[in-house]
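# Structural features, examined
Listed here are the chains, written in short residue letters.
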Amino acid sequence: MRMTFRTIIIALVLACAGANAAESAKAPAALEQMRAKFAAAVAARDRTAVAKLSRFPLAIEGYELAPKLTEQKFLRDKNRFDGLFFGGDAQLVTCLKTQPFTYQADAKQFGARLWLLDCNGNEYYFGEDHGHWAFAAYQNINE
């Protein structure tokens, strides 16, 4: 296959654009720091700490789940924590600590413009809230 000078230039431009897109998809350092605190709060089953690291009302999408969850309901009802975080399950906590973030760039999808952690179909979305990162939404794509 013979490549022309123009073909080589186009290939180089596309390669650089791909590298820049992949680089820009890296989660911000402050979000990574918040994630460690969030995973520790889930592991400790500390609903108050989880609430402080969250942006309410949480957007929720899943079978038989209300589309919004208020802070008051989250703190008052232990089952809300257990439903979202499986009682602080060790595998889930490991996922929250280590799973790479993905940016939801598609404005037509749930969690648009948020960063997500996919833990076996349980998707945890994070976004900025007044200059701080926070847990913002949950989606269960298994159901």
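Residues numbered from 1 in each chain as written. Predicted model: local features only at pLDDT ≥ 70, side-chain atom pairs only at ≥ 80, totals over all residues. Heavy atoms only, no water.

### Some details on helix 6 (residues 90–98)
Short version of the rule: Only protein chains enter the accessibility calculation, which uses a 1.4 Å probe; a residue is then buried when its area is under 20% of its type maximum, exposed when over 50%, and partly exposed in between. We count a stretch as a helix when DSSP gives it H or I for four or more residues in a row; a strand needs E for two or more, and each element gets its number in order from the N terminus. The directions considered for the arc run from the helix axis to the C-beta atoms. It only takes one pair of heavy atoms within 4.5 Å for two residues to be counted as in contact. For this analysis, a polar contact is any N or O atom pair within 3.5 Å, provided that within protein one partner can donate a hydrogen and the other can accept it, and provided that sequence-adjacent residues contribute only side-chain to side-chain pairs.
Every buried residue belonging to helix 6 is among Leu92, Val93, Cys95 and Leu96, and all of these are buried. On an axial view of helix 6, the arc spanned by its buried residues comes to 160 degrees, and they lie on one face. Projecting away from the buried face of helix 6 at angles above 90 degrees are the exposed residues Ala90, Gln91, Lys97 and Thr98. Contacts made by the buried residues of helix 6 are with helix 2 (29–43), helix 5 (78–85), strand 4 (115–119) and strand 5 (122–129). N-cap assignment for helix 6: the residue whose side-chain oxygen lies 3.0 Å from the backbone N of glutamine 91 is aspartate 89.

### Brief notes about the pattern of salt bridges
The following threshold applies: Put simply, a salt bridge is a Lys or Arg side-chain nitrogen that is within 4 Å of an Asp or Glu carboxyl oxygen.
Summed over all chains, the structure comprises three salt bridges. One salt bridge in this structure joins glutamate 32 and arginine 35, with 2.9 Å as the shortest N-O distance. Taken as a pair, glutamate 32 and arginine 35 lie in helix 2 at a separation of three residues, close to a single helical turn. Exposure remark for glutamate 32: the relative accessible area of 32% places this residue in the partly exposed category.

### Focus: the pairing of strand 6 (residues 132–140)
Selection rule: A pair of strands counts as paired when DSSP detects no fewer than two bridges linking them.
Burial runs high along strand 6: eight of the nine residues are buried. Of the pairings in the sheet, the one linking strand 1 (residues 54–61) to strand 6 comprises four bridges and is parallel in character. Residue pairing for strand 6: serine 54 is matched across the bridge by phenylalanine 135. Pairing between strand 5 and strand 6: eight bridges, direction antiparallel. Bridged to glycine 127 within strand 6 is alanine 134. A loop of two residues connects strand 5 with strand 6, the two strands running antiparallel in sequence, and histidine 130 in this loop sits at a positive phi of about 55 degrees.

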